Amino acid sequence: MGRIYFFFMFMLSLLICALAPNKYNHNYSIICVSISIINIIIYLIIKKKKNYFDFDNLFFVAYIFIMFYYTAYMYETDPYRYVFYQLYFDKNTLPFSAGLALLGLSGYIFGAMLVKNRTINITQNSKQTIDKTIATTPFYILSIIFLILYVVSGGYEKIMKEYIGGGLESVEDGGLSQYFFVFFPAFLLSGIIVEFHNLRIYNRNKIKLSAINKVGIFTTITIFLMFILIGSRTIPLQIALAIIGLYTKYYKPVTLSKFVGFVCAGFLLFALVGFLRSQSNDGREFKPEDAAMDFIINNRNSYVAIDYVNDNGLSYGESMLSPILAPFPFSQSLVVNLFHLNPDDMRSALITTKATFGEVGTWGLGTNIIADVYIAFGVLGVFIMFPLLGYYVNYHRENTDNSILSLVFYGVIISYAVYLPRAEYFYFLRYFIWCYIFIVTSIKIKKSKNA
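All values derive from a computational prediction rather than experimental measurement. (Residues numbered from 1 in each chain as written. Predicted model: local features only at pLDDT ≥ 70, side-chain atom pairs only at ≥ 80, totals over all residues. Heavy atoms only, no water.)

Q: What should I look at first to understand the packing of aromatic side chains in this one?
A: Two aromatic rings, taken as a pair, are described by how far apart their centres are and by the angle between their planes. Using the criterion set out here, one finds 49 aromatic pairs in the structure. Note on F386 and Y425: the rings are 6.2 Å apart at their centroids and 70 degrees apart in plane angle, and the pair reads as edge-to-face. Taken together, the residues F386 in helix α16 (residues 369-398) and Y425 in the loop between α17 (404-415) and α18 (429-450) connect sequence positions 39 residues apart. Each residue in the set Y5, F6, Y43, F55, F59, F60, Y63, F68 and Y108 is aromatic and connected to the rest through ring pairs, giving one cluster. (Phe/Tyr/Trp six-rings, centres within 6.5 Å; stacked < 30°, edge-to-face > 60°. Helix = DSSP H or I, 4+ residues; strand = E, 2+ residues; numbered from the N terminus.)

Q: Can you help me understand the nonpolar core in this one?
A: One recurring pattern in soluble globular proteins is that nonpolar side chains are buried together. In this structure, F55, Y63, F68, F227, I369 and I439 are the most contacted members of the largest nonpolar core, which totals 133 residues. Of the residues forming this core, the biggest block, 14 residues, is contributed by helix α3 (residues 55-77). With residues near it in sequence (within four places) discarded, F227 still touches L147, Y150, Y156, I159, F181, F184, S232, I235 and P236. (Core = buried A, V, L, I, M, F, W, Y, C linked by side-chain atoms within 4.5 Å. Buried < 20%, exposed > 50% of the residue type's maximum accessible area, 1.4 Å probe, protein only. Contact = heavy atoms within 4.5 Å.)

Q: Would you mind showing me how to read the environment of F339 here?
A: Relative to the helices and strands, F339 resides in helix α14 (residues 331-339). Distance from F339 to G381, taken between C-alpha atoms, is 23 Å for residues 42 residues apart in sequence.

Q: Explain helix α2 (residues 26-47) here, please?
A: Side chains three or four residues apart in an α-helix point the same way, a direct result of the helix having 3.6 residues per turn. Over its 22 residues, α2 runs 32 Å from end to end, which matches the ideal 32 Å to within 8%, given 1.5 Å per residue. Among the residues of α2, those classed as buried are Y28, S29, C32, V33, I35, S36, N39, I40, Y43, L44 and K47. Down the axis of α2, the sector holding all buried residues measures 170 degrees, keeping them to one side. Summarising the geometry of α2, the exposed residues directed more than 90 degrees from the buried face are N27 and I45. Each element contacted by the buried residues of α2 is listed here: α1 (2-18), α3, α4 (94-113) and α16. N-cap assignment for α2: the residue whose side-chain oxygen lies 3.1 Å from the backbone N of N27 is N25. Remark: K48 follows α2 within two positions and exhibits a positive phi of approximately 50 degrees. (Expected span 1.5 Å × (residues − 1). Arc of directions from axis to C-beta. Polar contact = N/O pair within 3.5 Å; in protein donor to acceptor, adjacent residues only side chain to side chain.)

Q: So what exactly am I meant to see when it comes to the confidence of the model for the protein here?
A: Within the protein, residue pLDDT values average 89, and 91% of them lie at 70 or more. Segment residues 119-128: pLDDT under 50, and 10 contacts once partners within four positions in sequence are set aside and those in other chains are kept. Confidence drops under a pLDDT of 50 for residues 166-173, and excluding neighbours within four residues, the segment shows 30 contacts in the predicted structure. (pLDDT = per-residue confidence, 0-100.)

Dropping the structure here:
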């Protein structure tokens, strides 16, 4: 019955999106956000989750702030509070932006409903990919090595100046430090994911503290503190979400009331970091909603994406090539040279920047998951790709006990649960593929040694 209801809501959302006004209409945006929140509530009631600290719920919270808060509320109350909204955007794109956001959320929920919740009882005879522990120390050591290289090459100093000095989101400069920057979190995530795999083998019902890798504890705490203390929240948040997400899935399920408490605590932490950042920058009066500023500012990218498609048409996937090719070294350069493409057109985050400033320079405006899909494939892309996201996230979450692939997929993507709505659709792909390769390689090495 739930599937039928959400299929109907998905089709209704498509109709509502198609009927979006061409002129600014605040009531239409209110309708879209209201239906979205109602759909989330009904979804949670039907699913009867045992653990609410999962990708779905984290994604929903971030998604509502990113896609609806400015459109449905802030534009009417304080439209130019953030510097991003002092840049040009067409207010007449706000209704269609809300319609696309409703369609995307309804599609995600419909896809998630196609996967049944199940409790898997693992026995010695079950067909797991692997039932032995995997060495985690090499992952942590490699993570530390690449972290040191990142610091020595000046990357940490650069990002520290950006966060302490304020300003817009920096575009990756392609320097040597950027290569080190993408490797140390990948090895750390691999270690964290494998750590939980090992802990499940030691004891499926309770964590054995003595079994936790001490090198892993040192590495994780070091990286977490290095970035949270300078005001960077992305990597610390990834670490926290991966650890808490897997812990609550396997050992300590979180009730709805506790999840709400986690969310409030998270916003308080974000507010504290944001307050300290504002004090060190321009001393502007801090408001509670500023805790979610990093989410709210990304709604503008939906408006830019709609404008861009109206003027230039769809990219038919070209704007998604950069994150898709990112896992494979030198593949982007190869594709650029082979097909004579412009690298600035291969990533929606660069397209929104170029559409605003006329060029891709020192600063970037980012993107969001709706803008990314819409620039590439329009309404049809949102209609197809969001149900697929909802399905695969929930399928792999339910299958982590049976497959290393599913464990890695869910371990990586839950670390992006809050960030993914304000990023490219395939932004998680690099770490997923790398972590899977690292872990499978480690398994094969261990097997060859024992052979």
